[in-house]
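Now for the letters of each chain:
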Amino acid sequence: MIQIQTKTSGKEYWRSLDELAGTPKFQEWVRDEFPSTAGEMLSGTSRRNVLKLMAASFGLAGLTACRRPVEHILPNVRGVEGYIPGKPWFYATAMSQAGSGMGLLVEVHDGRPTKIEGNPDHPFSLGATNSFHQASVLSLYDPDRMRNPVNEERQAKWEDFNNWIKQAFDRARFGGGNGWRILSERVTSPSLAALRTHVASTLPNVRWVEWDGLAADSSALGTNIQPLYNFEKADVVLSLDSDFLHQDAGGTVLPMKQYGRRRRIGVDDHDGEMNRLYVIEGRFSLTGSAADHRLRMRPSEIGSFAADLAGRLGSGGNQLQVVGEGSGTDLRARWLSALVKDLAAHRGRSLVIAGPRQPAAVHALAHQINQALGNVGATVTYVQLPAGDNRPQLEVLRELVRDMSSGAVSHLLVLGGNPAFTAPADFNFEANLRKVSNSLYLGQEYDETAAACRWAVPEAHYLESWGDVAAPDGTVTIQQPMIQPLYGGRTAAEIVALISGYKDQQSYQIVRNLWEQRLGGEKGWRKALHDGIVPNTAWPTVNPALNTAGAAQPQQGASSGIELQFVPSSSVYDGRFANNGWLQELPDPMTKLTWDNAALLSPATAKQLGVAVADVITIERGGRRIEAPVMIQPGQADNLVVIAVGYGRRVCGNVGRGVGVNAYLLRTSDAMTVARDIRISKAGGRYNLAFTEEHHIIGDLGAPEVQKRARGLVRELPIEEYREDPKAVAEMTEKIELFQLYETPADYSRGNQWGMAIDLNVCTGCNACVVACQAENNVPIVGKEQVARGREMHWLRLDRYYKGDAENPTSISEPILCMHCETAPCENVCPVAATVHSPEGLNDMAYNRCVGTRYCSNNCPYKVRRFNFLNWHKDVAKVTEMVFQPDVTVRMRGVMEKCTYCVQRIQDKKIELKSAERRLWITDADHLQTACQQACPSEAIVFGNINDPDSMVAKLKQLPRNYGLLEELNTRPRTTYLACLRNPNPELEGRHG
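The shown structure was predicted, so the numbers you read here are calculated from the model rather than taken from an experiment.

Draft legend 1. Quick look at the sheet that holds strand E3 (residues 89-97). Strand order in this open sheet of 3 strands is E3-E4-E5, and the pairing throughout is antiparallel. Two strands bound the open sheet, and with one partner strand each, they are E3 and strand E5 (112-118). Neighbour-to-neighbour, the strand axes of this sheet turn through a mean angle of 40 degrees, independent of strand direction. Taken together, the 6 bridges between strand E4 (residues 100-109) and E5 define a ladder with antiparallel strand orientation. The partner of leucine 104 across the bridge, within E5, is glycine 118. Sitting on the sheet, helix H4 (residues 131-140) touches E3, E4 and E5, and the angle it makes with E5 is about 170 degrees.

Draft legend 2. Looking closely at the confidence of the model for the chain. Of all residues in the chain, 85% have pLDDT values of 70 or greater, and the mean over the chain is 85. Predicted confidence for residues 1-10 stays below pLDDT 50, and this span has 39 contacts to residues more than four positions away or in other chains. In this model, residues 701-710 is a region of pLDDT below 50 whose contacts with residues beyond four sequence positions or in other chains number 18 contacts.

Draft legend 3. Quick peek at unusual backbone geometry. Although it is not a glycine, asparagine 536 sits at a positive phi angle of roughly 60 degrees. Tracing the backbone through its elements, the reader meets asparagine 536 in the loop between helix H18 (522-531) and strand E21 (541-542). Of note, the phi angle at arginine 854 is positive, near 70 degrees, even though the residue is not glycine. Topologically, arginine 854 is positioned in the loop between strand E36 (843-845) and helix H27 (855-859). The buried category is assigned to arginine 854, whose relative accessible area is 15%.

Draft legend 4. Representation of helix H5 (residues 158-170) within the structure. Compared with an ideal rise of 1.5 Å per residue, which puts 13 residues at 18 Å, H5 spans 17 Å between its outermost C-alpha atoms and is within 8% of the ideal. For H5, the set of buried residues is Trp158, Phe161, Trp164, Ile165, Ala168 and Phe169. In a view along the axis of H5, the buried residues occupy a sector of 115 degrees, so they form one face of it. Turned more than 90 degrees away from the buried face of H5, the exposed residues are Glu159 and Lys166. Buried residues along H5 sit in contact with strand E8 (180-184), strand E16 (411-415), strand E17 (438-443), strand E18 (455-458) and helix H16 (492-500).

Rules used throughout
- Counting starts from 1 at the beginning of each chain's written sequence and moves along it residue by residue.
- Whole-chain, interface and lining totals are the exception, using all residues; otherwise, since this is a predicted model, local features are given only for residues with pLDDT of at least 70 and side-chain atom pairs are given and counted only at 80 or more.
- Each side-chain value is derived from all of the structure's non-hydrogen atoms; neither hydrogens nor water enter the calculation.
- Two strands pair if DSSP finds at least two bridges between them.
- Secondary structure elements follow DSSP: runs of H or I of four or more residues count as helices, runs of E of two or more count as strands, with numbering from the N terminus.
- Only the contacting stretch of a helix is used when fitting its axis, a line to C-alpha atoms as for every element, and angles between N-to-C directions run 0 to 180 degrees.
- By the convention used here, residues are in contact when the closest approach between their heavy atoms is within 4.5 Å.
- Per-residue confidence from the prediction method is given by pLDDT, with values spanning 0 to 100.
- Burial classification: accessible surface area is computed with a 1.4 Å probe over protein chains only, and a residue below 20% of its type maximum counts as buried, one above 50% as exposed, and the rest as partly exposed.
- A helix is expected to span 1.5 Å multiplied by its residue count minus one.
- By arc we mean the arc of the directions from the helix axis to the C-beta atoms, nothing more.

Structure (structure tokens):
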């Protein structure tokens, strides 16, 4: 018998409101090992019928598990120097999103890209990625991509398109482009910018308009000045409605990297002072979840708070002077007082950041406070963007729509994006676009804009294209194709070159000639192509004059009614990823909703309106209305509705068409981020929502003594308490006796032994690891109906736990995957030895043997094993099959599967070392990483050889805050966790004041 310590306490952490309330529905869900919505409909049947069904299912499972797909071997008739069949190659490129690019490395198997990784040499990647980067490879193989030119909704040939271009644009070119307009997203490509300059010089009457679907006038610096924030240098960070750890990261992962490095406590050079994060927001974001203190506040109230803070700091001039600490006992006053002292005490080492959904006045206040605190040049710098239109995007787009409506636009070229879907609803962009006689759209899919244009042509995916893109600081990366365009797509540069008569017509010529000239020849070009970075291309830093006039204006007061806030979707962004099944099925980090968006309400607001989860409500404003299902979001501000845009696509591929509600219908030019004084009423009826917050719960039901025991699934405590007593984490359990299953435990003291440590102090719950695992291990998509039944197949899930009351809780995310237990309960019950233990400590799965009894899933206390109820890959399009990793088995119906610690990567590294150095011992220097570890932006996941005392994972497991889940079961898990530490301000009681 072994003893372990556990602490008795009541239920502190909860995953859903039903769990908090202990409703009968929740109790039944957890008690039923195979709920009626998840397994076959066995409840209520006789024992004989159950046995019949089980026997039939076992037989079918065995047959399907033994069947193998037919494969054809084709000869490689043309050899490539240095090419080894089956061995992947990696190439550097970049992906553009949210107006900026990020450097990537692409894994290519036998001529087809299969996996995206971050470029460790790129300053805004540093080797990590987000969920959109990971899922972009699936979009490459989307069978619903546009394959041929389309002329007035009819398929056409490329030669027909070329003839039309010659007739429509060549004659009009002699008029200097009079009546021409070009509409694109923000231009971050230097080669496309060079073409824009060429157009301006040769066709002076052409007007180039930029529009991003989520654009908002939130800059107080002018459109050609961009702030860059360094969270690693900030001891104190104040977020004013900025989700900089997730949706507002600007298409990069650098903020998460920098912030995470200030939260890594206890190892090597990361043992410095832990930062402190204050978040003021209306919705509950991932940044709010990571905060040490969070204050919920409606968006319209944040401006007055920022103005009061600036006034208390006396930041009207260049000198910082604390004017007053404030008085009062209310929460707002205590927050102001605490913030004034904390920010003033960290002059030059603090940071105030306003989110993109806040107006320009709030941004001006944030810049003003940073300047007064001496943060400019330390935690915030400003760069000068290349010259362009200085007017806000909304103003320029309004002018374009006005010209289209009046007939002043004769030729319109739309380069990417989907403005017919994302433009403000009051612009009636789609209707006015149809008035243009010669309209051309370049896009990857046939969407709302394509349907409204006279001609639509397929755009090449970034993995098929030659191009270039700039990072937020201007650092350029060359885009190079990993595969020949699957559908003959063109790039934006090629289309502009075609209509303007540019000297180079192919994207390769355009990009190479530009950079060979700038880099001094072919040698510089090849090095930039190989490294993924063009040296010395960062934009110059400047010290701009702040637009303090906007900040000095009285802040608009909060509305008396309910406000509606529009936010980008964590799955489909602005709608461009609607046809990506990996992202549609990815649970939202906070709500755990899949395949939908919903109107998020606080518990109090929902009670006030008399609605419950899945009730349908009508949201009205200014004669416009939508109907949306309700989701109750703990921690959200009262009298606030939050809804994600990008859903409700009318013209889209088979995956995304009609999924969710189109919130853009309420987004007008005077309410781009927040709509005030909306009206809400019950629409009647209920909507089927598929969310996963109660799936795979590690339940605490059972005997009363078990229910009372706190199993310590999530452990967090203040950092000062941890420093005073490092053993406090281990003491969170009471002493109990453990049963020793094996008289002589296996000896794991020799050879490679694999293990993982996950730092909850660093994990933000961003979902990058989930999609990376899906891409690496051929994890299938199952669809909304199957998710609702509890059949999602993700090998790695992110459990989100709340703590506190439903109105104002704190939150924490915990990645859960196979623990690779040394005394694994699943191995003892498998009748065919399909799950076995390896000499290196891995819980292996032999798919050939598995007959789908699901005994192992019954016996797994962590609920991390997934069963293939159906043949998910049966109807996958041939082109989509190209995304499969050849090193990983594509499983079929009747097979149980789960995390393998990316065993294929382990074996590949062994082969590499054995061939090159005749050794099998693997250290951190060999750069062996699991897919989830490699993708993690905050470096929360560490994997390695625990028998190597110099490995990072071995060091983390020696820390006092390291613990395992359900240790009292004596499973001896190889995956352990580091307790979350908070850094609260003593002047504020609790994290939320």
